[in-house]
Amino acid sequence: MTPAEIAPKDRLIVALDLPSVDAAEAMVTRLGDSVTFYKIGYRLAYAGGLPLVTKLADSGKKVFLDLKLHDIGNTVSQGVESITRLGATFLTVHAYPQTMKGAVEGRGSSKLKLLAVTVLTSYNDDDLHAAGFRLGVSELVEARAQQARALGIDGLVSSPEEAGSLRKIVGHKMNLVTPGIRPAGSATGDQKRIMTPGRAIAAGADYLVVGRPVVEASDPKATADAIQAEIAHALG
Ligand SMILES: O=C(O)c1cc(=O)[nH]c(=O)n1[C@@H]1O[C@H](COP(=O)(O)O)[C@@H](O)[C@H]1O
């Protein structure tokens, strides 16, 4: 989808990083109309949250299933084929060529959009070098974006810090989905490459993924509304 085709409200994706399906459903109820797009990741998926993907999708919400798949190509392909039946809008895989190729094969002609995770937002250059990588963050993000585009991946997950350079590489052919979002004054936690919601949109991000600043807020709905207002303001 081009930026103009994305409903402004859909640009905020709230990560339901909560311990149980009951807690996640209570949060969805609490957030009400303020949030249209939810992410289900490790914590909830491994706590029985996969059926919630279909339940939320059937209720009219959009779902980003964040399983960050990475395995031999055949296994990734078969896993993605199973996931196409859940009704998610987005699915993450790590941006390794064999993994991305397998995911594209498994997705087939379904409507599931594949996002490649370039370099996790908790990593900086030192973390990459410690993990054995030769390239720094910006070089590796760009190299992986080029490979993802060539393999038919639909979007990229990166920090908003890389949104400007990624847009030059992929134009509007791929969606840029950015975690590492921190409203002014909120705790950074383990994130290292962060931006405020407004700055991330101005930098060219299509979707903002926000977890703890919303789900751990004393008033999650008011926090989500404030982020939505910041996004709308940045979009002009
Ligand atoms: O794929 C992701 O969603 C992801 C990629 C990345 O590089 N960094 C990152 O933080 N995420 C996810 O985005 C969410 C961010 O959560 P908060 O740091 O609590 O806002 C978490 O669910 C992460 O798993």
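Residues numbered from 1 in each chain as written. Predicted model: local features only at pLDDT ≥ 70, side-chain atom pairs only at ≥ 80, totals over all residues. Heavy atoms only, no water.

As recorded in an unreviewed UniProt entry, the chain goes by the name Orotidine 5'-phosphate decarboxylase, listed as coming from Bradyrhizobium guangzhouense. Database annotation for the chain, UniProt heading Sequence similarities (unreviewed entry): "Belongs to the OMP decarboxylase family. Type 1 subfamily." UniProt lists a comment for the chain under the heading Function (unreviewed entry), and it reads "Catalyzes the decarboxylation of orotidine 5'-monophosphate (OMP) to uridine 5'-monophosphate (UMP)." (UniProt positions renumbered as here; feature names shortened; annotations may be inferred.)

Q: Looking at this model, I keep getting lost on the packing of helix α1 (residues 21–31) against helix α2 (residues 42–58). Mind explaining?
A: The angle between the axes and the distance between the axes are what describe a pair of packed helices. Remark: α1 packs on α2, axes separated minimally by 9 Å, with the N-to-C direction vectors making an angle of 40°. With respect to α2, the element α1 is oriented oblique. For the pair formed by α1 and α2, the contact residues are Val21, Ala24, Glu25 and Val28 on the first element and Leu44, Ala47, Gly48, Gly49, Leu52, Lys55 and Leu56 on the second. Tallied by class, residues from the contact of α1 with α2 come to seven nonpolar, two polar and two charged. (Axes fitted to C-alpha atoms, helices over the stretch in contact; angles between N-to-C directions. Helix = DSSP H or I, 4+ residues; strand = E, 2+ residues; numbered from the N terminus. Parallel < 35°, antiparallel > 145°, perpendicular 65-115°, else oblique. Contact = heavy atoms within 4.5 Å. Nonpolar A, V, L, I, M, F, W, Y, C, P; charged D, E, K, R; others polar.)

Q: Even after reading the chapter, I still don't get helix α7 (residues 163–170), so can you show me in this structure?
A: Those residues of α7 lying buried are Ala163, Leu166, Arg167, Ile169 and Val170. Along the long axis of α7, the arc covered by the buried residues comes to 165°, so they all point the same way. Of the surrounding secondary structure, the elements contacted by the buried residues of α7 are α6 (137–151), β6 (155–157), β7 (175–178) and α8 (197–203). Just downstream of α7, Gly171 is the residue with a positive phi angle, here 55°. (Buried < 20%, exposed > 50% of the residue type's maximum accessible area, 1.4 Å probe, protein only. Arc of directions from axis to C-beta.)

Q: Would you take a moment to explain the UniProt feature "active site" (unreviewed entry) in the chain for this structure?
A: According to UniProt, the "active site" (unreviewed entry) feature falls on Asp66, Lys68 and Asp71. When near neighbours in sequence (up to four residues on either side) are disregarded, Asp66 contacts Lys39, Ile40, Gly41, Tyr42 and Thr92. Tracing the backbone shows Lys68 in strand β3 (residues 62–69). When its relative accessible area of 21% is taken as the criterion, Lys68 is described as partly exposed. Leaving out residues up to four positions away in the same chain, Lys68 has contacts with Tyr42, Thr92, Val93, His94, Val117 and Leu120. A polar side-chain atom of Lys68 sits 2.8 Å from a polar atom in the side chain of Asp66. (Polar contact = N/O pair within 3.5 Å; in protein donor to acceptor, adjacent residues only side chain to side chain.)

Q: Could you clarify how one ought to interpret the packing of α1 against helix α10 (residues 220–235) in this entry?
A: Between α1 and α10, the least distance of the axes is 8 Å, while the angle of their chain directions is 60°. Our classification of the angle between α1 and α10 gives oblique. As for how α1 packs across α10, the hand of that crossing is right-handed. Contacts between α1 and α10 involve Met27, Arg30 and Leu31 on the former and, on the latter, Pro220, Lys221 and Ala224. (Left-handed = near helix turned anticlockwise from the far one by under 90°.)

Q: How should the sheet that holds strand β1 (residues 12–15) be read in this particular structure?
A: Two strands in a sheet stick together by hydrogen bonds in their backbones, pointing the same way (parallel) or opposite ways (antiparallel). Here we have eight strands rolled up into a closed barrel, ordered β1-β2-β3-β4-β5-β6-β7-β8, and parallel in their pairing. Within this sheet the neighbouring strands show an average axis-to-axis angle of 25°, counted without direction. Bridge count between strand β4 (residues 90–94) and strand β5 (residues 113–117): five bridges; the pairing is parallel. Pairing of Thr92 across the sheet is with Leu115, part of β5. The strands touched by helix α3 (residues 73–83) within the sheet are β3, β4 and β5, with β3 carrying the most contacts at an inclination of about 165°. (Pairing = 2+ DSSP bridges.)

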